[in-house]
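Summary of structural features
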Amino acid sequence: MKPLTLHVPVLLQEAVDYWAGNPQGYYVDLTTGAGGHSWSLLSLLPQARCLCVDWNERSLALAQERLKFFHDRTRFVRANFRNLDHVLTRAAWPSVDGILCDLGPSTFQVLDSGLGLSYQNDEPLDMRLDSQNKGITAAELLAALSEGDLEQLLMANGEISRSWSRRIAHTLCNAGGSIKTSGALVKFLRRASGNRKIWAQVFQALRIVVNDELGAIRQMLGFVPAVLKPGGRVVVISFHSLEDRIVKDVFHSWVESGQARFLSRSTVQACERELEQNPKARSARLRAIEKIDEPRNGE
Ligand SMILES: C[S@@+](CC[C@H](N)C(=O)[O-])C[C@H]1O[C@@H](n2cnc3c(N)ncnc32)[C@H](O)[C@@H]1O
């Protein structure tokens with residue numbers, strides 16, 4: 001097996017500073033990935049415990065290996081974070097001090113998973129990141145959609161303009177269900193546009209839908225008020241505006257109803273120094289809130 005491409009954690013210092021509110025706390029890393037953020041939290045707080053969650057078995061195995069130094073303070077659970085309530089019930093942790101969500105796939109999943117997530121590799125067009133996902137693959141989705149539905153999907157999940165979405169949907173539907181690999185998808189995309197940014201947006205759109213990524217974020221956030229201790233914190237790092245808009249709206253609604261306060265009023269972004277070392281951090285946006293101890297009277 002070829003060596004994994006390293007995932008460099010984004011906004012590491014900032015995320016852990018917001019996440020780590022209680023030195024003896026119980027924390028959940030809902031997107032453990034290669035374990036970079038969990039590692040930093042557990043190093044910073046020698047008495048904290050962390051429940052490390054990821055829906056991908058390979059990622060979780062990698063994190064378990066990297067975090068073995070902290071074996072007495074970590075637990076590992078393969079799960080979709082949309083089931084946050086069940087995850088905590090199964091762990092017998094009714095409430096927690098901090099939740100971190102660093103969204104999207106990790107670098108090694110994009111480049112080395114064999115799931116067809118990148119236009120740079122020629123692999124089966126699968127895209128199912130959840131190891132237990134028995135739903136349809138990206139290739140099956142492409143073959144099943146009408147031209148109109150594909151146009152809508154590209155606009156809504158790839159943030160591609162209507163005219164480009166129409167053109168791409170027309171080209172891909174002309175393939176008549178023959179697109180089975182990421183290489184074949186690129187071959188057809190090339191006929192519609194030579195712009196690699198648009199190719200990346202098409203891959204993003206298919207990945208989001210195959211994994212119901214936006215639905216998972218909404219469902220997970222719905223459980224947070226019930227499982228977060230007073231004074232507990234939630235930190236979310238998003239990589240595109242579809243994710244960030246959901247987080248922004250939910251956080252604002254909690255603040256407006258007096259349940260929470262912002263730890264950062266606007267989004268936190270990577271500084272120039274981080275961007276020089278990790279250009280992928282350019283699209284990262286961090287939002288953080290803290291649950292208020294005593295909700296305001298009458299709310
Ligand atoms: C950007 S990576 C996280 C990287 C990690 N913070 C680190 O420092 O290495 C996101 C991880 O979240 C996982 N993930 C994405 N959506 C998920 C979901 N709905 N449930 C559980 N895990 C998810 C992915 O498999 C991936 O490993």
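Here is what the cut-offs are and how they apply
Residues numbered from 1 in each chain as written. Predicted model: local features only at pLDDT ≥ 70, side-chain atom pairs only at ≥ 80, totals over all residues. Heavy atoms only, no water. Helix = DSSP H or I, 4+ residues; strand = E, 2+ residues; numbered from the N terminus. Contact = heavy atoms within 4.5 Å. Areas by Shrake-Rupley, 256 points an atom, 1.4 Å probe, with all protein chains shown as cover. Near = heavy atom within 4 Å. Polar contact = N/O pair within 3.5 Å; in protein donor to acceptor, adjacent residues only side chain to side chain. 1 Å grid on protein atoms, 1.4 Å probe; cavity = no way out; pocket = protein on both sides within 12 Å on 5 of 7 lines; lining within 4 Å. Sits in = over half its atoms within 2 Å of the grid points. Nonpolar A, V, L, I, M, F, W, Y, C, P; charged D, E, K, R; others polar. Points joined across faces, edges and corners; volume = space filled by probe spheres on them. Domains from an automatic or database assignment. Buried area = accessible area lost by both parts, 1.4 Å probe. Salt bridge = Lys/Arg side-chain N within 4 Å of Asp/Glu carboxyl O. Core = buried A, V, L, I, M, F, W, Y, C linked by side-chain atoms within 4.5 Å. Buried < 20%, exposed > 50% of the residue type's maximum accessible area, 1.4 Å probe, protein only. Pairing = 2+ DSSP bridges.

1. Details of the overall build of the chain
Of the regular secondary structure elements, the chain holds 13 helices and seven strands. Principal axes of the C-alpha set define a box for the chain whose edges measure 60 × 50 × 40 Å. Nonlocal contacts in the chain, meaning residues at least 24 apart in sequence, comprise 69% of its contacts between residues at least 6 apart. Total accessible area computed for the chain in this model is approximately 14100 Å², and 50% of it derives from carbon and sulfur atoms.

2. Some thoughts on the site of the ligand
What surrounds the ligand is a group of 23 residues, the closest being H37, D54, F81, D102 and Q109. Between the ligand and H37 there is a distance of 2.8 Å, counted from a nitrogen atom to a side-chain nitrogen or oxygen. Between N80 and the ligand, the recorded distance is 3.0 Å, taken from a side-chain N or O atom to a nitrogen atom. Coverage of the ligand by the protein amounts to 98% of the 610 Å² it exposes when considered alone. Given that more than half its atoms are within 2 Å of the pocket grid, the ligand belongs to the largest pocket. Of the residues in the shell around the ligand, the class split is eight nonpolar, 13 polar and two charged.

3. Description of the layout of surface pockets
Taken as a whole, the largest pocket spans an internal volume of roughly 1400 Å³. Lining the largest pocket are 50 residues, and of these G104, P105, V110, R207 and F239 lie nearest its centre. Those elements that place two or more of their residues in the lining of the largest pocket are α2 (36-44), α5 (107-112), α10 (196-210) and α11 (213-227). Considering every element that reaches the lining of the largest pocket, the biggest residue donor is α10, with six residues. A class-by-class count of the residues in the lining of the largest pocket yields 22 nonpolar, 20 polar and eight charged. Mapped onto the domain boundaries, the lining of the largest pocket takes at least three residues apiece from domain 1 (12-108 + 213-291) and domain 2 (134-210). The calculated volume of the second largest pocket comes to roughly 190 Å³. V8, P9, L11, L12, Q13, E14, C271, R273, E274, Q277 and N278 are the residues that line the second largest pocket. Across the lining of the second largest pocket, the residue classes tally to five nonpolar, three polar and three charged.

4. What to know about the domain arrangement of the chain
Where interface size is given, it is often the accessible area lost as the parts come together that is meant. The assigned domain composition of the chain is domain 1 (12-108 + 213-291) and domain 2 (134-210). The C-alpha centroid of domain 2 is placed 30 Å from the C-alpha centroid of domain 1. Counting residues at the interface gives eight residues for domain 1, matched by six residues for domain 2. Of the roughly 590 Å² buried between domain 1 and domain 2 on both sides combined, carbon and sulfur atoms contribute 49%. A salt bridge links R207 to E213; the nearest nitrogen and oxygen atoms lie 2.8 Å apart.

5. Details of the nonpolar core
Nonpolar side chains tend to gather and get buried jointly when the protein is soluble and globular. Core analysis: the largest hydrophobic core is formed by 36 residues, its most contacted members being L30, L51, I99, L221, V224 and F251. Looking at this core, the element that brings in the most residues is α11, giving seven residues.

6. Looking at the pattern of salt bridges
Taken as a whole and judged by the stated rule, the model has eleven salt bridges. A salt bridge links K229 to D97; the nearest nitrogen and oxygen atoms lie 3.2 Å apart. Here K229, found in strand β5 (residues 228-238), pairs with D97, found in strand β4 (residues 96-102); they are 132 residues apart in sequence, far enough to count as distant. The salt bridge involving R166 is made with E151; its shortest N-O contact spans 3.3 Å.

7. Re α2
The complete set of buried residues in α2 reads G36, H37, S38, L41 and L42. Structurally, α2 contributes buried residues whose contacts are with α1 (12-19), β1 (26-29), β2 (49-54), β3 (74-78), β4 and β5.

8. Some words on empty space enclosed by the protein
Remark: the empty space left among the atoms is shown by a probe the size of a water molecule rolled over them. Applying the stated criterion across every chain, the model contains one cavity of 30 Å³ or more. One number sums up the size of the largest cavity: a volume of about 50 Å³. Around the largest cavity, the lining residues are V224, P225, L228, W254, Q259, A260, I289 and K291. Contributing elements (two or more residues each) for the lining of the largest cavity: α11 and β7 (285-291).

9. What about the pairing of β4?
By the criterion of burial, β4 is predominantly enclosed, with seven of the seven residues buried. Strand direction decides the pairing type here: β1 and β4, joined by three bridges, are parallel. Bridged to Y27 within β4 is G98. With six bridges joining them, β4 and β5 adopt parallel strand pairing. Looking at β5, one finds that I99 is bridged to V234.

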